[in-house]
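A look at the structure
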Amino acid sequence: MGKKLDATALINGFKGQDILSIAQFDQPRLFLIFALAKQMKQLLLKNKSSDLLEKTITTLLFFEPSSRTFSSFAAAARRLNGTTIDILNPSQTSSVAKGESFSDTIRALETNTDCIVIRHPEIGSAQKAADAAFFVPIINAGDGAGEHPTQALMDLFTIYEHHNTLQGLTGVIAGDLLNGRTVHSLLKGLSLFEKNTIYLLSSKQLRIPRVDWLHFQNKGLKIVEIEKESDIPKNAHFWYWTRVQTERFKNTDVKKIPEHPVITTTVLELAGRQTIIMHPLPRIDEIHPDVDRDPRAMYFRSQIQNGLPIRMVLLSLVLGKI
Ligand code: CP
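Here is a short report on the structure shown in this document. The model shown is predicted, which means the values in this text are computed figures rather than measured ones.

It is worth spelling out the overall build of the protein chain at this point. Each helix and strand counted, the protein chain has twelve helices and nine strands in total. Taken over C-alpha atoms, the radius of gyration comes to 20 Å for the protein chain, in line with the 20 Å a tight globule of 322 residues would show. Expressed as lengths along the three principal axes of its C-alpha atoms, the size of the protein chain is roughly 55 × 55 × 40 Å. A separation of at least 24 residues holds for 73% of the contacts in the protein chain among residues at least 6 apart in sequence. Of the roughly 15,200 Å² that the protein chain leaves accessible, carbon and sulfur atoms contribute 50%. For the protein chain, the distance from the average site of its 38 positive side-chain charges to the average site of its 33 negative ones is 5 Å.

What follows deals with the site of the ligand. Taken together, the residues surrounding the ligand are Ser66, Ser67, Arg68, Thr69, Arg119, His148, Gln151, Pro280 and Leu281. In the model, an oxygen atom of the ligand is placed 2.6 Å from a nitrogen or oxygen of the Ser66 side chain. Between the ligand and Ser67 there is a distance of 2.8 Å, counted from an oxygen atom to a backbone nitrogen or oxygen. Here the ligand loses 91% of its free accessible area of 250 Å² to cover by the protein chains. In terms of residue class, the shell around the ligand is made up of two nonpolar, five polar and two charged.

With that settled, consider the sheet that holds strand 9 (residues 276-278). Here five strands make up an open sheet; going across it, the order is 7-6-5-8-9 and the pairing parallel. The open sheet has two edge strands with one neighbour each: strand 7 (222-226) and strand 9. Strand-to-strand twist of the sheet, defined as the mean angle between neighbouring strand axes without regard to direction, takes the value 20°. Along the sheet face, helix 9 (residues 210-218) touches strand 6 (197-201) and strand 7 and points at about 140° away from the line of strand 7.

Moving on, we come to unusual backbone geometry. The omega angle of the peptide bond from Leu281 to Pro282 is 10°, so this bond is cis rather than trans. You can see Pro282 is positioned in the loop between strand 9 and helix 11 (302-305). Despite not being glycine, Lys195 shows a phi value in the positive range, around 60°. Counting through the fold element by element, Lys195 comes out in the loop between helix 8 (181-190) and strand 6. Phi angles above zero are rare outside glycine, and Asn235 is one such case at about 60°.

This next bit is on the packing of helix 2 (residues 27-45) against helix 7 (residues 149-163). Where helix 2 contacts helix 7, the axes come no closer than 11 Å and their chain directions differ by 80°. Classed by the angle they form, the pair helix 2 and helix 7 counts as roughly perpendicular. Residues Leu30, Phe31, Ile33, Phe34, Ala37, Lys38 and Lys41 of helix 2 pack against Leu153, Leu156, Phe157, Tyr160 and Glu161 of helix 7. Here the residues of the contact of helix 2 with helix 7 are counted per class, giving nine nonpolar, no polar and three charged.

Within the secondary structure, Thr150 is located in helix 7. Those residues in contact with Thr150 that lie beyond four places of it in its chain are Thr69, Phe73, Ile139, Asn140, Ile310, Arg311 and Leu314.

Let's shift gears to the packing of aromatic side chains. With the rule as written, the count across this model stands at eleven aromatic pairs. Where Trp239 meets Trp241, the ring centres are 5.4 Å apart and the plane angle is 35°; that geometry is what we call tilted. Looking at Trp239, the relative accessible area reads 0%, which means it is buried. Between Tyr299 and Phe300, the aromatic rings sit 5.4 Å apart at their centres with planes inclined by 65°, giving edge-to-face as the arrangement. If you follow Arg210 out to its NZ or CZ, it ends over the ring of Trp213, 4.2 Å from the centre.

Counting 63 residues, the largest nonpolar core has Ile33, Ile173, Leu190, Phe238 and Leu315 as its most contacted members. Not counting chain neighbours up to four residues away, the residues in contact with Phe238 comprise Ile159, Leu169, Thr170, Gly171, Val172, Ile173, Leu186, Leu190, Ile198, Thr275, Ile276 and Met278. Counting residues in hydrophobic clusters, the runner-up holds 19 residues, among them Leu201, Ile226, Trp241 and Leu268.

The rules behind each value
Residues numbered from 1 in each chain as written. Predicted model: local features only at pLDDT ≥ 70, side-chain atom pairs only at ≥ 80, totals over all residues. Heavy atoms only, no water. Helix = DSSP H or I, 4+ residues; strand = E, 2+ residues; numbered from the N terminus. Rg over C-alpha atoms; globule rule 2.2 N^0.38 Å. Contact = heavy atoms within 4.5 Å. Areas by Shrake-Rupley, 256 points an atom, 1.4 Å probe, with all protein chains shown as cover. Lys, Arg positive; Asp, Glu negative; His and termini not counted. Charge placed at Lys NZ, Arg CZ, Asp CG, Glu CD. Near = heavy atom within 4 Å. Polar contact = N/O pair within 3.5 Å; in protein donor to acceptor, adjacent residues only side chain to side chain. Nonpolar A, V, L, I, M, F, W, Y, C, P; charged D, E, K, R; others polar. Pairing = 2+ DSSP bridges. Axes fitted to C-alpha atoms, helices over the stretch in contact; angles between N-to-C directions. Parallel < 35°, antiparallel > 145°, perpendicular 65-115°, else oblique. Phe/Tyr/Trp six-rings, centres within 6.5 Å; stacked < 30°, edge-to-face > 60°. Buried < 20%, exposed > 50% of the residue type's maximum accessible area, 1.4 Å probe, protein only. Lys NZ or Arg CZ within 6 Å of the ring centre and 35° of its normal. Core = buried A, V, L, I, M, F, W, Y, C linked by side-chain atoms within 4.5 Å.

The values reported here are purely geometric and, on their own, carry no functional implication.
Here it is as structure tokens:
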């Protein structure tokens, strides 16, 4: 009974809430979302329909390109019989093109919707949208090099499904640690749990800023910076690879893209039998396609598939439908 009441209180607490950062979650809220996502997966597996989001409208406001996040939010709403207003490239297709301010745009859009999911190139833009909105919750679908909290939820859920815990883990996070928003959110999420050790592998130019490094250490996350693949610890629970975020480089010059770690079938030999290989995608050249068929490679399996149930849960929670 006590547990049921606790769960009800947690669920009620989500209604109308903005989802801006993974740091706003704690362990009970994460495990609640995972339990509900498991139920959503069952619903999807059994091909059962649900009217949980009937008569709701979610606006998908994407100032930056997206394949996965956009389509899985759209699918999440529609699988639960909700609808979406899809606004892609609003700098050209909305009244932003006429000079309307960001805040006024959010206030105009919230008039016709129950929730706004926003992706934008500027760090802090989702917070700005939340500050502007009077009536509807805002979900951050990626704010520049800042955060990507819904990706972190699916990443943490994937690790949890495979290893049945989120503490005492050894992980490797590689690639663009400076600009990768999924990395920032995942590190924040892992720092909510105890005794995790994360090895960071990147070129010098793409390391996480020292201040963030110290912040995570203070939170109890043990961070070890390594310089080459041969320094990867044996039997890590997960490898999390990312691409170099060239769109964040000013005056991008392809020749100046720094050296970055690549998983080839040879590098994969350094992984343990239980190591899962993750990537938020899109992948450019940092994981060789030959790795895709390895049963430990989750980026085209459970990791990407978890986007839909996690977003079905989140929309249902913030819209007060669970
Ligand atoms: N992982 C991710 O955010 O992918 P998209 O940019 O395609 O949405």
